[in-house]
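# Observations on the three-dimensional arrangement
For reference, the chains in residue letters:
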Amino acid sequence: MCDQELAGRNKLRLARATFADTTGTIAIDLWEENIAVIKIGTVYRIAPIQVRVWNEAKKLSTMRSSVVTPVTDTTISQLQIPEEQLKSGNETVTATVANIHTIEKVERFIACFNCAKRILQGTSSNVVHCDWCGHTMRISNCSQYVCAKLVLYVNDRQIHLTAFQDVLSNVIKGDFTKFSEAEIAEMLLLFNNITVVYNANSRVVKELKAVC
Ligand SMILES: [Zn+2]
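Here the residue numbers are simple positions, counted from 1 along each chain's written sequence. Thresholds applied to this predicted model are a pLDDT of at least 70 for local features of residues and 80 or more for the giving and counting of side-chain atom pairs; totals over whole chains, interfaces and linings are not thresholded and use all residues.

### Quick look at the overall build of the chain
When you go through the chain residue by residue, the secondary structure sums to four helices and 13 strands. In this scheme every C-beta is placed from the backbone, and a residue whose C-beta has 20 or more other C-beta atoms within 10 Å is buried, one with 12 or fewer is exposed, and one in between is partly exposed. Among the 212 residues that make up the chain, the fraction classed as buried is 14%. If you take every contact in the chain between residues at least 6 apart in sequence, the share linking residues at least 24 apart comes to 55%. Numbering goes from the N terminus for both helices and strands, where a helix is a DSSP run of H or I of at least four residues and a strand is a run of E of at least two. Distance between backbone-placed C-beta atoms decides contact: two residues are in contact if it is within 7 Å.

### What to know about the sheet that holds strand S11 (residues 157–164)
The three strands lie next to each other as S7-S10-S11, forming an open sheet whose pairing is antiparallel. Bordering the open sheet on either side are strand S7 (102–111) and S11, each of which pairs with just one other strand. Taking the axes of each pair of neighbouring strands and ignoring which way they run, one obtains an average angle of 20 degrees across the sheet. Strands pair, by our definition, only if DSSP identifies at least two bridges between them. Here S7 runs beside strand S10 (residues 143–154); their pairing, made up of nine bridges, is antiparallel. Orientation is described by lines fitted to C-alpha atoms, with helices fitted over the stretch in contact, and by angles between N-to-C directions that extend from 0 to 180 degrees.

### Remarks on the nonpolar core
Residues of type Ala, Val, Leu, Ile, Met, Phe, Trp, Tyr and Cys that are buried and joined through C-beta atoms within 7 Å form what is called a nonpolar core. Counting 16 residues, the largest nonpolar core has Ala-148, Leu-150, Leu-161, Ala-163, Val-196, Val-205 and Leu-208 as its most contacted members. Going through the elements one at a time, S10, S11, helix H3 (165–168), helix H4 (181–189), strand S12 (192–199) and strand S13 (205–211) are the ones with two or more residues in this core. Sort the elements by how many residues they give to this core and S10 lands first, with four residues. Beyond its immediate sequence surroundings of up to four residues, Ala-148 is in contact with Ile-103, Val-106, Ala-163, Leu-168, Ile-184 and Leu-188.

### Some points on the sheet that holds S13
Taken in spatial order, the three strands line up as S6-S12-S13 in an open sheet, and their pairing is antiparallel. Each edge of the sheet is formed by a strand with only one pairing partner; in this case those strands are strand S6 (92–97) and S13. Across the sheet, the mean angle separating the axes of adjacent strands is 10 degrees when strand polarity is ignored.

### Comments concerning the confidence of the model for the chain
Along the chain, pLDDT gives the predictor's confidence residue by residue, from 0 to 100. Chain-level pLDDT for the chain is 84 on average; 88% of the residues reach the 70-or-more range. At the low end of the mean pLDDT range in the chain sits strand S1 (residues 5–7), at 74; at the high end sits H4, at 95.

### A few points about unusual backbone geometry
Backbone torsion omega between Ala-47 and Pro-48 reads -10 degrees, so that peptide bond is classified as cis. With a phi close to 70 degrees, Ala-116 is a non-glycine residue in the positive phi region. Mapped onto the fold, Ala-116 is located in the loop between S7 and strand S8 (127–129). With phi around 50 degrees, Asn-155 is a residue other than glycine that occupies positive phi space. Looking at the secondary structure, you find Asn-155 in the loop between S10 and S11. The exposed category is assigned to Asn-155, around which 6 C-beta atoms lie within 10 Å.

### Thoughts on the environment of Glu-183
Note on placement: Glu-183 falls in helix H4. Its 13 C-beta neighbours within 10 Å are what place Glu-183 among the partly exposed residues. Taking the C-alpha atoms as reference, Glu-183 lies 9.5 Å from Val-106; in sequence the two are 77 residues apart.

### What about the environment of Asp-131?
Examined against the element boundaries, Asp-131 turns out to sit in the loop between S8 and strand S9 (136–138). It is 9.2 Å that separates the C-alpha atoms of Asp-131 and Arg-118, two residues lying 13 residues apart in sequence.

### Quick look at the pairing of S11
Note on strand geometry: in a regular strand, side chains alternate between the two faces of the sheet. Where S10 lies against S11, eight bridges are found, and the strand directions are antiparallel. For Val-154, the partnering residue across the bridge sits in S11 and is Arg-157. Linking S10 back to S11 in an antiparallel pair, the connection comprises two residues, with Asn-155 at a positive phi of about 50 degrees.

### Here we look at the environment of Leu-161
Topologically, Leu-161 is positioned in strand S11. A residue is classified by how many C-beta atoms lie within 10 Å of it, and Leu-161, with 23 of them, is buried. Residues Leu-161 and Ala-148, 13 residues apart in the sequence, show an inter-C-alpha distance of 8.2 Å. If we skip the residues at most four places from it in the chain, Leu-161 touches Leu-150, Leu-152, Val-196, Tyr-198, Arg-203 and Val-205.

Written out as structure tokens, the structure reads:
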């Protein structure tokens, strides 16, 4: 398990860890009160739990309703996990490229008025429900954000990164609510000498610099 950090607008405590069983290992995001309950080397059952996909890799995330129960399972507790699989993967990587290879997509999403996390369900009415904190709210109270999925070629390897609006606004000046998805993609593609700093595990861009 790595050090805790504060994430999101509400500064919720987040710790990243790796869970293992006889079939393999998976990264897990532990939130808030779930962090203190979990000790390294102990076997747990956690339910309910959310499966999220980050850059083609699945990871788990606890929710407010998650219940952590220690269980006795000597098959799992005696597992020897290779050191490299236990890395939190939280290190940052810096890459510099001439330009962005392609834009997978630019999308808009709305953030929970209470916890600022992304609203996961469809927005068919004027009211939405947040699966993270359980609150229900008017859509008109939620902030809208843009996020771009970028594909870069670094040392002949394709890397897929996600850049959120806070990072995109470092290179794209103006009102994001007025830009279309196509316009944002075009602006990004025309940048040269791009430097990205990203999280090696989540593939989320922390810093984006470019020359027009
Ligand atoms: Zn929420």
